[in-house]
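In case you want the letters, here they are:
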Amino acid sequence: MATLTTPISEATIRALKVGDEVHITGTLYTGRDAVHKYLHEGGQLPPEVKLDGGILYHCGPVMLKQDDGTWKCTAAGPTTSIREEPYQAQVIGDFGLRGVIGKGGMGEKTLAGCKEHGCVYLHAIGGAAQVLAECVTRVKGVYLLEEFGSPEAIWELEVVNFPAVVTMDSHGNSLHREVLAASQAELAKRL
Amino acid sequence: MSALLESLIELIRRTSAELPDDVNAALVRSLEQEKKGTIAESALKIIERNIELAKRKSQPLCQDTGSVIFYVECPLGLDQITFEETAREAVKQATKRGYLRQNSVDSVTGKNDGTNTGPGAPVVHFHQHRSAETHVRLILKGGGCENVGAQYSLPAEKLHANRDLDGCRKVILDAVLQAQGKGCGPGILGVCIGGDRATGYEFSKQQFLRKLGDRNPDATLDALEQDILKTANELGIGPMGFGGKTTLLGVKICAANRVPASFFVSVSYMCWAYRRQGLTLNSDSSIAGWLY
């Protein structure tokens, strides 16, 4: 199994193909509905958020503030990615993302964006909030918390061996497109 | 703290952190059936590990703690106002303890006040019965699977679905196809044939209170449930939509009368993280026993 360590080079990403299981080690930034809309509308990222060569995670974690002021991540599974389809390709291109983690897959526009800019879509296991929270070794920071609320804020997470599957690669292949077509054909035989 | 408040907080904790036995058993069976070395098998192994970890650490199975829906069966004379106020307080307390994510957003202002309470949150359904016992059931319905629910109005021309059982079958299977892996499969379908737009969805969700292994007492609906389950699992959508043998773990269907002008089929989808639990209360509101 390949290990991806952030920041990630374009060559590393181009070597990945649909169906590859990977482990991710390094920094992830969470970003979901509010963040994508904000960036799409020209919103500025705080200077601490360094997406270039990095990975954006579609996730709204459960965070508990500790007595010493630090945060503890107690649940951190992926949210459904397709809602970001209108924005994702632009965000990949504008900020130099090499990976997007989420669940459920994304559409043709994002697939084209991955091909053009050298990015992959990494499918985490939906609902596996505890297994994935165990991979978070430290919460390094939080941004836009006041504006967007906890689930929608940008959380900077240090992760070790975070498991995911490449379901959309940078060569125009999508497992989601394949499974949809195959299941459609199977259903047609049974109606 | 009142005994009722304590019992309801414990109901929320257990619902959020522990998968019911019937669902766990179905997932174990599906893991045995998946082809070894596939990403479908990997996904189910991670799911199994997640179930064990959440239970051991008493933390949410899934970070999307979802919509909080109580179903209360109560004797005549139960003070529903106090019960509902206590349920709201239990949700607030459970959120503070991290059993629930701060998950409730004001739809107009976009603000999340972090309490998980507000208009329609939580939802409490009361149903009186002629027994002295009070049963409280709770479903935490995640947003990802809620988003792939669908309501069809028959006839549905594009799907060649007419106003008959075969038409119902076609639209229910279409809902499975459209959902693919987006609802965190392997999933469970709750379906209502008939009703109006509101009751159709409401009754479809109530089907999630049934145990996975039960059989529908209506022979026609039972046959339809078995047929949809078998057919859906032949489509190859698989866990998380990765391809594979298990697309659904169960199908539960009910019917409600409709008016001649309308024929709705309402499909609710529940993710594998099927958080449903229930308890019976003693007369002092302490917990007498668990329902699942």
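Structural data are supplied above this passage.
Remember, predicted model here, so these are calculated numbers, not experimental data.

What chain A contains, in helices and strands, is seven helices and nine strands. Judged by the C-alpha coordinates and their principal axes, chain A covers about 60 × 30 × 30 Å. Expressed as a percentage of its 191 residues, the buried residues of chain A come to 61%. A sequence separation of at least 24 residues applies to 64% of the contacts in chain A between residues at least 6 apart. In the form shown here, chain A has an accessible surface area of approximately 7300 Å², with 52% of it arising from carbon and sulfur atoms. Distance between charge centres in chain A, computed from 17 positive and 23 negative side chains, equals 4 Å.

Our focus in this paragraph is the sheet that holds strand E6 (residues 248-256) of chain B. In a beta sheet, neighbouring strands are held together by backbone hydrogen bonds and run either parallel or antiparallel to one another. Residues and elements named next belong to chain B. A sheet is described by the order of its strands in space; here four strands give the open sequence E4-E7-E5-E6, paired in mixed fashion. Either end of the sheet is taken by a strand with one partner, and the two such strands are strand E4 (150-153) and E6. Taken over all neighbouring pairs, the strand axes of this sheet differ in orientation by 15° on average, direction set aside. Pairing of E4 with strand E7 (residues 264-270) involves four bridges; the strand directions are antiparallel. Of the residues in E7, the one forming a bridge with serine 153 is phenylalanine 264. Packing against the sheet, helix H7 (residues 197-206) makes contact with E4, strand E5 (187-194), E6 and E7, and its axis sits at approximately 40° to E7.

As a further point, take the packing of aromatic side chains. Tallying each qualifying case throughout the model produces five aromatic pairs over all chains. With a centroid separation of 5.3 Å and 80° between ring planes, the pair formed by tyrosine 57 of chain A and phenylalanine 162 of chain A is classed as edge-to-face. Of this pair, tyrosine 57 of chain A sits in strand E3 (residues 55-57) while phenylalanine 162 of chain A is found in strand E9 (residues 154-168), placing the two residues 105 residues apart along the sequence. Across the pair, phenylalanine 162 of chain A and tyrosine 57 of chain A agree in class, each one buried. Summarising the aromatic geometry, the rings of phenylalanine 83 of chain B and phenylalanine 126 of chain B are spaced 5.7 Å apart at their centres and angled 80° between planes, so their arrangement reads as edge-to-face. Of the two residues, phenylalanine 83 of chain B is situated in helix H4 (residues 80-96) and phenylalanine 126 of chain B in strand E2 (residues 123-128); the sequence distance between them amounts to 43 residues. Judged by relative accessible area, phenylalanine 83 of chain B falls into the buried class, the value being 2%. Here the guanidinium or amino end of arginine 276 of chain B rests over the ring plane of tyrosine 292 of chain B, the centre of that ring lying 4.2 Å away.

With the rule as written, the count across this model stands at 31 salt bridges over all chains. With a closest N to O distance of 4.0 Å, arginine 98 of chain A and glutamate 10 of chain A form a salt bridge. Of the two residues, arginine 98 of chain A sits in the loop between helix H3 (85-95) and strand E6 (99-102) while glutamate 10 of chain A sits in helix H1 (residues 10-14), which places them 88 residues apart along the sequence. Assessed through its relative accessible area of 16%, arginine 98 of chain A is described here as buried. In this structure, the salt-bridge partner of glutamate 186 of chain A is arginine 190 of chain A, at a minimum N-O distance of 2.7 Å. Salt bridges here are not isolated pairs; linked through shared partners, they connect Glu186, Lys189 and Arg190 of chain A together with Lys230 and Glu234 of chain B.

Criteria and thresholds
- Residues numbered from 1 in each chain as written.
- Chains lettered and ligands numbered in written order.
- Predicted model: local features only at pLDDT ≥ 70, side-chain atom pairs only at ≥ 80, totals over all residues.
- Heavy atoms only, no water.
- Helix = DSSP H or I, 4+ residues; strand = E, 2+ residues; numbered from the N terminus.
- Buried < 20%, exposed > 50% of the residue type's maximum accessible area, 1.4 Å probe, protein only.
- Contact = heavy atoms within 4.5 Å.
- Areas by Shrake-Rupley, 256 points an atom, 1.4 Å probe, with all protein chains shown as cover.
- Lys, Arg positive; Asp, Glu negative; His and termini not counted.
- Charge placed at Lys NZ, Arg CZ, Asp CG, Glu CD.
- Pairing = 2+ DSSP bridges.
- Axes fitted to C-alpha atoms, helices over the stretch in contact; angles between N-to-C directions.
- Phe/Tyr/Trp six-rings, centres within 6.5 Å; stacked < 30°, edge-to-face > 60°.
- Lys NZ or Arg CZ within 6 Å of the ring centre and 35° of its normal.
- Salt bridge = Lys/Arg side-chain N within 4 Å of Asp/Glu carboxyl O.

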